[in-house]
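Architecture and fold: a report
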Amino acid sequence: MYVVKSPLSDENLKTVSEALQGALVDLVDLALVAKQIHWNVVGPRFRSVHLQLDEVVTLARGHSDTVAERAAALGVSPDGRAATVAVGSGIGVTPEGWVDDSAAVGALVDALGAVIARMRERVAATADPDPVSQDILIAVTADLEKQHWMFQAENG
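Remember, it's a predicted structure, so these values are computed and weren't measured experimentally.

1. Here's the deal with the UniProt feature "domain: Ferritin/DPS" (unreviewed entry) in the chain
UniProt records the feature "domain: Ferritin/DPS" (unreviewed entry) at residues 18–153, using the numbering of this structure. Secondary structure over residues 18–153 splits into 79% helix and 3% strand, and the C-alpha atoms at its two ends are 33 Å apart.

Structure (structure tokens):
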């Protein structure tokens, strides 16, 4: 079996691989959470919130692929399996059943806030060991913060 060799030292690779794996888990879960709420949102702002949720899904899925491929490029096998995501995500419990549009927006504000806080820790952790991975995490964080702002503005 071919094993991809990392240009990073073992110590740096450990730090970076933990950051990338954590980011992958949070992004996969964020996509699932946003899609779950997307299917169940109701209320006067249904359409706008419904469409905005799909923007988050698309964003999270795209970034999860970038993060996973960066890990693979460094010789780290990315793990996006459901069981791994379930135990490793920093996102709280997603509302069950129909979700009022205001509650849906609030749930996304909370989910995005949780992911952003963890992303910022990963950005700091990867600064010295791997600025390339840090750059990816910075871009992810910037996009998540934009969505966070937009959802916060949605509920005023």
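2. Let's talk about the nonpolar core
If you look at the biggest cluster of nonpolar residues, it comprises 46 residues, and the most contacted ones within it are Leu 30, Leu 53, Val 67, Leu 108, Met 119, Leu 144 and Phe 151. For this core, the secondary structure elements donating two or more residues are α1 (10–40), α2 (46–73), α4 (101–126) and α5 (131–155). Among the elements that take part in this core, α1 stands out by supplying 14 residues, more than any other. With sequence-adjacent residues up to four places away left out, Leu 144 is seen in contact with Leu 27, Leu 30, Leu 59, Leu 112, Val 115, Ile 116 and Met 119.

3. Digging into the environment of Val 3
Note on placement: Val 3 falls in the segment before α1. Take Val 3: its relative accessible area is 45%, and that puts it in the partly exposed class. Residues Val 3 and Ile 37, spaced 34 residues apart in sequence, show a C-alpha to C-alpha distance of 39 Å.

4. Here's the deal with the pattern of salt bridges
Side-chain pairing between opposite charges can occur once the charged atoms of the two side chains come close. Enumeration according to the criterion identifies nine salt bridges in this entry. With a closest N to O distance of 2.4 Å, Glu 18 and Lys 14 form a salt bridge. In this pair, Glu 18 and Lys 14 are both assigned in helix α1, four residues apart and thus about one turn of the helix distant. In this structure Glu 18 comes out as partly exposed when scored by relative accessible area, which is 48%.

5. Some words on α2
Under the 1.5 Å per step criterion, the end-to-end length of α2 is 41 Å for 28 residues, consistent within 8% with the ideal 40 Å. Among the residues trailing α2, Gly 75 stands out with phi positive, at a value near 90°.

6. Observations regarding α5
Spanning 25 residues, α5 covers 36 Å between terminal C-alpha atoms, matching the ideal 36 Å at 1.5 Å per step. Buried within α5 we find Ser 133, Gln 134, Ile 136, Leu 137, Val 140, Thr 141, Leu 144, Gln 147, His 148 and Phe 151. Looking at the buried positions of α5, the neighbouring elements they touch are α1, α2 and α4. Just beyond α5, the residue with positive phi is Gly 156, at close to 65°.

So, how was this worked out
Residues numbered from 1 in each chain as written. Predicted model: local features only at pLDDT ≥ 70, side-chain atom pairs only at ≥ 80, totals over all residues. Heavy atoms only, no water. UniProt positions renumbered as here; feature names shortened; annotations may be inferred. Helix = DSSP H or I, 4+ residues; strand = E, 2+ residues; numbered from the N terminus. Core = buried A, V, L, I, M, F, W, Y, C linked by side-chain atoms within 4.5 Å. Buried < 20%, exposed > 50% of the residue type's maximum accessible area, 1.4 Å probe, protein only. Contact = heavy atoms within 4.5 Å. Salt bridge = Lys/Arg side-chain N within 4 Å of Asp/Glu carboxyl O. Expected span 1.5 Å × (residues − 1).

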